[in-house]
Amino acid sequence: PLDPSEVERRVNFFASLRSSEEEMPEDWAVMLTNAPLFSQKASMLDELIPSGSNNSHLDGGRKMSFVLGTDTMVRIINPKYYGNSRENMLAALVDMKEKGVHFIVGGRLEQGTDYRPTLFVNGEEEVKSLPLDVREMFTLLTEEEFRLDLSSTEVRKQLKQSK
């Protein structure tokens, strides 16, 4: 678990965007939960977020978006977390889609070896195995859209030093 001061720092970062020049939607929020599965998180949020008057999320619209990394996305589509059943995994994803869930996925560098170059991976290969209607739940950021060669650990270290 994250240290409470780190949680507060991260939440305050998003709150500070509201008062900055950055474009932030009016209806955003941060929710802290210990629910292990995204299907559980989605159910909790579905109860908290009022549906729009047009229920656009039922037609594939977005009611809630999760921003996550490739490794987490790969776990979301791993049948292991659904009783080792691909059918259960797909049913859970369809249920999340019907609740208006959308995933924005940032990639990472996969270190190369003497025999294989370093690659940017964003889950594209894994998502290809999903039915089209489920694939549409995922926005996979490309290397050009996402990559910044700076680790979050290094950023936090620099922030601590600047205080």
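For the structure itself, consult the block above.
Note that the coordinates shown come from a computational prediction; the quantities given were computed from them, not determined experimentally.

Colleague: What am I meant to see in helix α4 (residues 86-98) here?
Modeller: An α-helix turns once per 3.6 residues; consequently, residues spaced three or four apart project the same way. For α4, spanning 13 residues, the distance from its first C-alpha to its last is 18 Å, which sits close to the expected 18 Å at 1.5 Å a residue. The set of residues buried in α4 consists of M89, L90, A92, L93, M96 and K97. Relative to the axis of α4, the buried residues are bounded by an arc of 160° and lie together on one face. Along its buried surface, α4 packs onto α2 (38-48), α3 (70-76), β2 (101-106), α6 (132-135) and β5 (138-140). The N-terminus of α4 is capped by S85, whose side-chain oxygen sits 3.3 Å from the backbone nitrogen of E87.

Colleague: What exactly am I supposed to notice about the sheet that holds strand β1 (residues 64-69) here?
Modeller: In a beta sheet, neighbouring strands are held together by backbone hydrogen bonds and run either parallel or antiparallel to one another. As summarised here, the arrangement of the three strands in space is β1-β2-β5, forming an open sheet in which the pairing is parallel. Of all strands in the sheet, those bounded by a partner on one side alone are β1 and β5. Direction aside, neighbouring strands of the sheet carry axes that sit 20° apart on average. As defined by bridge partners, β2 adjoins β5 across three bridges and the pair is classed as parallel. Bridging across to β5, I104 finds its partner in T139. Where α2 meets the sheet, its contacts fall on β1 and β2, and the angle it forms with β1 comes to roughly 150°.

Colleague: Help me understand the nonpolar core in this model?
Modeller: Side chains of a nonpolar character, in soluble globular proteins, are inclined to be buried together. In terms of nonpolar packing, the biggest core is built from 23 residues, with L93, M96, F103, L130 and F138 touching the most fellow members. With five residues, the single largest contributor to this core is α4. In this structure, F138 is in contact with M73, I77, L93, H102, F103, V105, V127 and L130, ignoring residues within four places of it in sequence.

Colleague: Help me understand the environment of N34, please; the structure alone is not making it clear to me.
Modeller: Positionally, N34 belongs in the loop between α1 (4-18) and α2. Classification of N34 as exposed rests on a relative accessible area of 75%. Placed 33 residues apart in sequence, N34 and P1 show a C-alpha to C-alpha distance of 9.1 Å.

Colleague: For this particular structure, what's the right way to read the packing of aromatic side chains?
Modeller: Within a pair of aromatic rings, the relevant descriptors are the distance that separates the centres and the angle that separates the planes. Applying the stated criterion to the full structure yields four aromatic pairs. Taken together, a centroid distance of 5.9 Å and an interplanar angle of 75° make the contact between F38 and F103 edge-to-face. On the criterion of sequence distance, the pair formed by F38 in helix α2 and F103 in strand β2 is long-range, its members being 65 residues apart. Measuring from ring centre to ring centre gives 5.8 Å for F66 and F103, while their planes differ by 25°; the resulting arrangement is stacked. Of this pair, F66 sits in strand β1 while F103 sits in strand β2; the two residues are 37 residues apart in sequence, bridging distant segments of the chain. Each member of the pair, F66 together with F103, is buried. The ring of F38 has K41 sitting right over it, with the charged end atom 5.3 Å from the ring centre.

Criteria and cut-off values
Residues numbered from 1 in each chain as written. Predicted model: local features only at pLDDT ≥ 70, side-chain atom pairs only at ≥ 80, totals over all residues. Heavy atoms only, no water. Helix = DSSP H or I, 4+ residues; strand = E, 2+ residues; numbered from the N terminus. Expected span 1.5 Å × (residues − 1). Buried < 20%, exposed > 50% of the residue type's maximum accessible area, 1.4 Å probe, protein only. Arc of directions from axis to C-beta. Contact = heavy atoms within 4.5 Å. Polar contact = N/O pair within 3.5 Å; in protein donor to acceptor, adjacent residues only side chain to side chain. Pairing = 2+ DSSP bridges. Axes fitted to C-alpha atoms, helices over the stretch in contact; angles between N-to-C directions. Core = buried A, V, L, I, M, F, W, Y, C linked by side-chain atoms within 4.5 Å. Phe/Tyr/Trp six-rings, centres within 6.5 Å; stacked < 30°, edge-to-face > 60°. Lys NZ or Arg CZ within 6 Å of the ring centre and 35° of its normal.

Limitation: the analysis is restricted to geometry and does not speak to function.
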